Amino acid sequence: MSILRSESDGSCSQFLRHTVQFGRNMRTGCKISLSPILEDDNCSYIQQKLYKAFQGMSRTEDFAVTGSAHSTQAEEWMTILIENCSVEAVNCTSCCMVPVTLEIQILWTKVGLLSNPQAQVVGTRHFYHCQPLKFLDMSMVPVTTIVTFTDMTDWPEPPRGQPQMHWKLPFDIFFPFKISLICRRHLKMLCRAALSPLVRSPGWCFVSPPHVTAAISRLYLPCQRLRNESIRCWSNIPFITVPLSRAHGKSFAHRSELKHAKRIVVKLGSAVVTRGDECGLALGRLASIVEQVSMLQNQGREMMIVTSGAVAFGKQRLRHEILLSQSVRQALHSGQSQLKDMAIPVLEARACAAAGQSGLMALYEAMFTQYSICAAQILVTNLDFHDEQKRRNLNGTLHELLRMNIVPIINTNDAVVPPPEPNSDLQGVNVISVKDNDSLAARLAVEMKTDLLIVLSDVEGLFDSPPGSDDAKLIDIFYPGDQQSVTFGTKSRVGMGGMEAKVKAALWALQGGTSVVIANGTHPKISGHVITDIVEGKKVGTFFSEVKPAGPTVEQQAEMARAGGRTLAALQPEQRAEIIYRLADLLTDQREEILLANKKDLEEAENKGRLALPLLKRLSLSTSKLNSLAIGLRQIAASSQDSVGRVIRRTRIAKDLDLEQVTVPIGVLLVIFESRPDCLPQVSALAIASGNGLLLKGGKEAAHSNQILHHLTQEALSIHGVRDAVQLVNTREEVEDLCRLDKLIDLIIPRGSSQLVRNIQKAAKGIPVMGHSEGICHVYVDTDASVEKVTRIIRDSKCEYPAACNALETLLIHRDLLRTPLFDQIIDMLRVEQVKIHAGPKFASYLTFSPSEVKSLRIEYGDLECCIEVVDSVQEAVEHIHKYGSSHTDVIITENEKTAEFFLQHVDSACVFWNASTRFSDGYRFGLGAEVGISTSRIHARGPVGIEGLLTTKWLLRGDNHVVSDFSEHGSMKYLHESLPLPQRNAN
């Protein structure tokens, strides 16, 4: 965390800042110049500039010192700061209140043993002092930052006769902040609600013990507003909150529900904890696991660890002791080479466990201490669960440790454990014996009524055949009863249990109401986040569930799409065209049903209020849209007669040896789209015409529309028996999980916001992504531009459909056109169309009173907004486009043919136009019938992508007993490499 720092002349440094050191109160001051932005209508801009100066380069969530802030709440948190000054302007309606002082109070508490307390930061609060802008000297505004540290430790009296173990405050210290956030929106209720340390609001009920009430009373100061004083309110610290423990008794049905798990058991197998040589621990892997457990513990969850490793750690220690105990004489006479091969006796496992338990626990304790978390060791045997009194004592101990925010680390007492017994009890449902750590973890999970059991091993999960075999497939979800179809292999290299023991223990825990995930904890690429990924609901390992989905899994859908796509590609071109014609007819014949389903989507979206106006426009369907869709589909059908299997090259390699290159489908396409149901029939028609299998993942905001459109698509496919070629993913699959199916999906095509495209490009692992992340389109107005053409083209490019990716975002104007009638006409037209103008840096420098300066020249507004910038020449316009554009669509307006050709040849974008609107960049307008998207990449397809962009090629070689040796130096044959004429294309 850093604060303002002054230069030698007293001004605020733009690059250097003071770093806040824990426990050290600080006060810094410097001056900021605001003279270039003195206009009265720039109040919010000045506020933002000062807030940004106080905040520095840190992200907003970084102000939460504990590091557990959630980025999605940053915008709400900033709103509080902005309104801080707005509230102070209640008695001065014409004032512009700006922040001049920032107070940061850091709250911390002591945790751990009284003899060795640790400091834990629990949060921060921020308060801005504001003053009216008109009372300040804008040439140099003095600003101040104050940092103070407040100890919030509240030591309760320990029970008599018990050790004095004190832990951090056992209540949600941020509860008053949350209540303040609610009250902030209702200023009249704020002061009244804040007078009580125990606040109630809809959905909240807070009861605290007596020793906590005093602490909250001290924390939650009343909100005061005196005539000459500022209003003080707590800011909402953006910490992740976890729901209270759910009612136990039924396991989670879906992975997406795992994020609600409150109490979690993590079982670490021997293969996870130990090194490959079985002597010693895998320290790096173990440290990563401890970090993940600590992160979840600090989120408010209750974590328990069932660990192996004592035997391996003890074996390492005992081997070391044996080597050291050899006599010096024996070591000297043996020689260095023989010393390495010195025989070490076989070590008994119980002795190794006795020697390794203390060291293993010391290692865990040292690691957890780095995260200010205390750990406690519990050793158990099977007898501890059969003796009712011991069982109750164990249960009480674990509950007390969890209540005190301690992570219990449980292990079987391998130093005294009896030999393993037969698995007879695993066949029942009431009892499970503790034979290994798998059964121990399952028993503890059920006894403690945990929500989730994570079993980490050295395999990815369960496979339908032995892992490593050619046809082995990872089982994503395992259901009770499926174990009959699974063949279990041998045990892991270490440990007592194997996969069969893990599955039986997992099913027993599942029947007891605990969800289970078996995953790989040793893979170097995922072990660093495997536990947190599981809790977040990502597709990791095998998830045990009692609820089978109604339909096929997404993996099964992908396989069905591939099989259906291959059958589709084998159809005659006329048959594929017939399917598309039928789909076009259904769009018009079933118009009423489609519009009714779309109406439901629109009503739900408006009621929830989550969609912006541009997205609502994309979501809406109409009769004219459906008619246009039908026309586009018929164009696709007419142009698809010779798309698949077309010969594009023929070569005679040698006599009777002919080579052909022909077009073929890519395979299985995954198209992800949001808020645009009209995309579904368009993409489906293109996939059908090109013979590709198709997986569709639409946004939930268009669920009803997508459902009926997919039903109509499958109805059209049914006329030739290829219904399964197009699949709609209706399960709760996350987009990130879909992008990992690299063995089932050949190409991903995202259709949606730039953020969606960027997320998919980042998440795709080994699968090509076709699309563009942004549509930053430029229009350059040259000095030789026609007055009549300029306003028409600009209006159409920006205002016809501002939410489209091919809409104008930046208008480049030649410097000589400033203060001319043409420039005035452009500005007047934009004003009439209610387009908000942002000034580029050069454009702002030419104006005395300019619009707000643009924050970035790489912005896709997607609304009635655009940036205007000035350039000195067509060469500078080209350079600007290359630097700030997205290689989508760029336009020049000029009557000078030479200038236009220079622009067309030098602009390196997918679409470059002369005297035409950017909106022409569209598959339908290009005559492609429709498009799956507009690609700005440079490989395979670029610009609007139609049927041709969904095809690849393969080579066909026809010979007659040809071998390569015949073409050697002394062979009988010679290469010809003659180009042959292509067969005639279908005239239709």
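In this text, all values refer to a predicted model and were calculated from it rather than measured experimentally.

Asks: It is not clear to me how the side chain of Thr651 should be interpreted in this structure. Could you clarify?
Replies: Position of Thr651 relative to the elements: it lies in strand β15 (residues 647–654). Under the relative-accessibility criterion, Thr651 is labelled buried at 11%. Beyond its immediate stretch of four places on either side in the chain, Thr651 contacts Leu657, Asp658, Leu659, His977, Glu978 and Leu980.

Asks: Would you take a moment to explain the packing of helix α25 (residues 787–799) against helix α26 (residues 821–832) for this structure?
Replies: Between two packed helices, the angle of one axis relative to the other and the distance separating the axes together describe the packing. Contact geometry for α25 and α26: axes closest at 10 Å, N-to-C directions at 25°. The angle between the axes of α25 and α26 places the two elements in the roughly parallel class. Seen from above, α25 lies across α26 with right-handed handedness. Residues Val787, Val790, Thr791, Ile794 and Arg795 of α25 touch α26, and the partners they reach there are Leu822, Gln825, Ile826, Met829 and Leu830. When the residues that make up the contact of α25 with α26 are grouped by side-chain class, the tally is seven nonpolar, two polar and one charged.

Asks: Before we go on, may I ask you to explain the confidence of the model for the protein in this structure?
Replies: If pLDDT is low for a region, its predicted coordinates should not be looked at in detail. Averaged over all residues, the pLDDT of the protein equals 78, while 75% of them reach at least 70. When mean pLDDT is compared element by element in the protein, strand β21 (residues 777–781) scores highest at 97, while helix α5 (residues 210–219) scores lowest at 34. Contacts for the low-pLDDT stretch residues 57–83, under 50 throughout, to residues beyond four places or in other chains number 50 contacts.

Asks: Looking at this model, I keep getting lost on the packing of aromatic side chains. Mind explaining?
Replies: Where two aromatic rings form a pair, the distance of their centres and the angle of their planes describe that pair. In total, this model carries five aromatic pairs according to the counting rule given. When the ring of Tyr780 is compared with that of Phe903, the centres are 6.4 Å apart and the planes differ by 20°; the resulting orientation is stacked. One end of the pair, Tyr780, is in strand β21; the other, Phe903, is in helix α29 (residues 897–906), and 123 residues separate them in sequence. Accessibility classification places Tyr780 together with Phe903 in one group, the buried group. Measuring from centroid to centroid gives 4.4 Å for Phe967 and Tyr975, while their planes differ by 15°, and the two rings are stacked.

Asks: Any chance you could explain α26 here in plain terms?
Replies: Quick reminder: α-helices carry 3.6 residues per turn. Residues three or four places apart thus point the same way. Across its twelve residues, α26 extends 16 Å between first and last C-alpha, which sits within 8% of the 16 Å expected from 1.5 Å per residue. Those residues of α26 lying buried are Leu822, Phe823, Ile826, Ile827, Met829 and Leu830. The buried residues of α26 all sit within an arc of 160° when viewed along its axis, so they share a single face. Across α26 from its buried face, at more than 90 degrees, point the exposed residues Pro821, Arg831 and Val832. Where α26 is buried, its residues contact β21, α25, β22 (808–814), β23 (836–839), α27 (841–845) and β24 (865–871). The positive-phi residue at the C-terminal boundary of α26 is Gln834, with phi of around 60°.

Conventions we followed
- Residues numbered from 1 in each chain as written.
- Predicted model: local features only at pLDDT ≥ 70, side-chain atom pairs only at ≥ 80, totals over all residues.
- Heavy atoms only, no water.
- Helix = DSSP H or I, 4+ residues; strand = E, 2+ residues; numbered from the N terminus.
- Buried < 20%, exposed > 50% of the residue type's maximum accessible area, 1.4 Å probe, protein only.
- Contact = heavy atoms within 4.5 Å.
- Axes fitted to C-alpha atoms, helices over the stretch in contact; angles between N-to-C directions.
- Parallel < 35°, antiparallel > 145°, perpendicular 65-115°, else oblique.
- Left-handed = near helix turned anticlockwise from the far one by under 90°.
- Nonpolar A, V, L, I, M, F, W, Y, C, P; charged D, E, K, R; others polar.
- pLDDT = per-residue confidence, 0-100.
- Phe/Tyr/Trp six-rings, centres within 6.5 Å; stacked < 30°, edge-to-face > 60°.
- Expected span 1.5 Å × (residues − 1).
- Arc of directions from axis to C-beta.

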